[in-house]
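Examining the three-dimensional arrangement
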Amino acid sequence: SQKIEQNSEALNIQEGKTATLTCNYTNYSPAYLQWYRQDPGRGPVFLLLIRENEKEKRKERLKVTFDTTLKQSLFHITASQPADSATYLCALETGGYSTLTFGKGTMLLVSP
Amino acid sequence: DAGVTQSPTHLIKTRGQQVTLRCSPKSGHDTVSWYQQALGQGPQFIFQYYEEEERQRGNFPDRFSGHQFPNYSSELNVNALLLGDSALYLCASSPTDNEQFFGPGTRLTVL
């Protein structure tokens, strides 16, 4: 069956450290993968998109890797700050026309 | 430039009732998608509208229907509400087949 799995437990880290979140999927062949941030009671906010032929993408303190052989994406936030605390969602393009299938998300808590 | 807007913010209905949720896409965006997000879950794709037609549909029953107007705004209708329909309903718009811009959502509670 098709699955998208993200760290089920919340990730607690100290300010200044690098947070690494994992997204694994099975039985999908997405053309691209996206990461979103979601704060409580709000809609997701787009962060990064990485295509199947790209290995790595960076944007300021954010870095995403995409390994289509392992069927895994890693999302890194360097020099993390308490303001980075949120739920981070992994989403795969599955079905054309930019329709997305989301993972459950990983809650990140950055302590001062 | 206003982003994606949704109305109402919150809604309480009882089982068996019908509900209509509304969405205005970001300026210049012609594609609108609807998602359902249950508590503790990721958003689940309901359907997508483009040029006033339903272009893609997720695994949702026919009780869920929609519409897109010439100005690209959209409505989501849910008939015969069930307790399990309680969720955050998200609208997203996009200019092309890439990133999606999400609205704040409508929180629907079915009693």
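Whatever comes next refers back to the structure up there.
In what follows, the accompanying structure is described. (Residues numbered from 1 in each chain as written. Chains lettered and ligands numbered in written order. Predicted model: local features only at pLDDT ≥ 70, side-chain atom pairs only at ≥ 80, totals over all residues. Heavy atoms only, no water.)

Turning our attention to the overall build of chain B. The secondary structure content of chain B amounts to zero helices and 11 strands. Ordered by position from the N terminus, the helices and strands of chain B form the series β-β-β-β-β-β-β-β-β-β-β. Here the C-alpha radius of gyration of chain B, 13 Å, is about what a compact globule of 111 residues would show, namely 13 Å. Across its three principal axes, chain B shows a C-alpha extent of roughly 40 × 25 × 25 Å. Taken over 111 residues, chain B has a buried fraction of 46%. In chain B, of all internal contacts separated by at least 6 residues, the share reaching a separation of at least 24 is 51%. If you average the places of the 8 positive and of the 11 negative side-chain charges in chain B, the two averages end up 12 Å apart. (Helix = DSSP H or I, 4+ residues; strand = E, 2+ residues; numbered from the N terminus. Rg over C-alpha atoms; globule rule 2.2 N^0.38 Å. Buried < 20%, exposed > 50% of the residue type's maximum accessible area, 1.4 Å probe, protein only. Contact = heavy atoms within 4.5 Å. Lys, Arg positive; Asp, Glu negative; His and termini not counted. Charge placed at Lys NZ, Arg CZ, Asp CG, Glu CD.)

Here the focus is the sheet that holds strand 3 (residues 19-26) of chain A. Residues and elements named next belong to chain A. Pairing is antiparallel in the open sheet, where five strands are placed in the order 1-3-8-7-6. In this open sheet, the two edge strands, each paired with only one partner strand, are strand 1 (3-6) and strand 6 (56-59). If you compare each strand with its neighbour and ignore which way they point, the axes differ by 15 degrees on average. (Pairing = 2+ DSSP bridges. Axes fitted to C-alpha atoms, helices over the stretch in contact; angles between N-to-C directions.)

Next up on the list: the state of the cysteines. Residue and element names in this part refer to chain A. As enumerated under the stated definition, the model contains two disulfides over all chains in all. What pairs with Cys23 in a disulfide is Cys90, and their sulfur atoms sit 2.0 Å apart. Its S-S torsion of about -55 degrees marks the bond between Cys23 and Cys90 as left-handed, since a negative value means left-handed. Of this pair, Cys23 sits in strand 3 while Cys90 sits in strand 9 (residues 86-93), and the two are 67 residues apart along the sequence. (Disulfide = S-S within 2.5 Å.)

In this section: the nonpolar core. Counting 23 residues, the largest nonpolar core has A:Leu33, A:Trp35, A:Phe75, A:Tyr88 and A:Leu92 as the members making the most contacts within it. Of all elements in the fold, only strand 3, strand 4 (32-38), strand 5 (45-51), strand 7 (62-67), strand 8 (72-77), strand 9 and strand 11 (106-111) of chain A reach the threshold of two or more residues within this core. Beyond its immediate stretch of four places on either side in the chain, A:Leu92 contacts A:Ile4, A:Cys23, A:Tyr25, A:Tyr28, A:Pro30, A:Tyr32, A:Leu33, A:Thr99, A:Leu100 and A:Thr101. Residues B:Cys23, B:Val78, B:Ala87 and B:Tyr89 belong to the second largest nonpolar core, which totals 20 residues. (Core = buried A, V, L, I, M, F, W, Y, C linked by side-chain atoms within 4.5 Å.)

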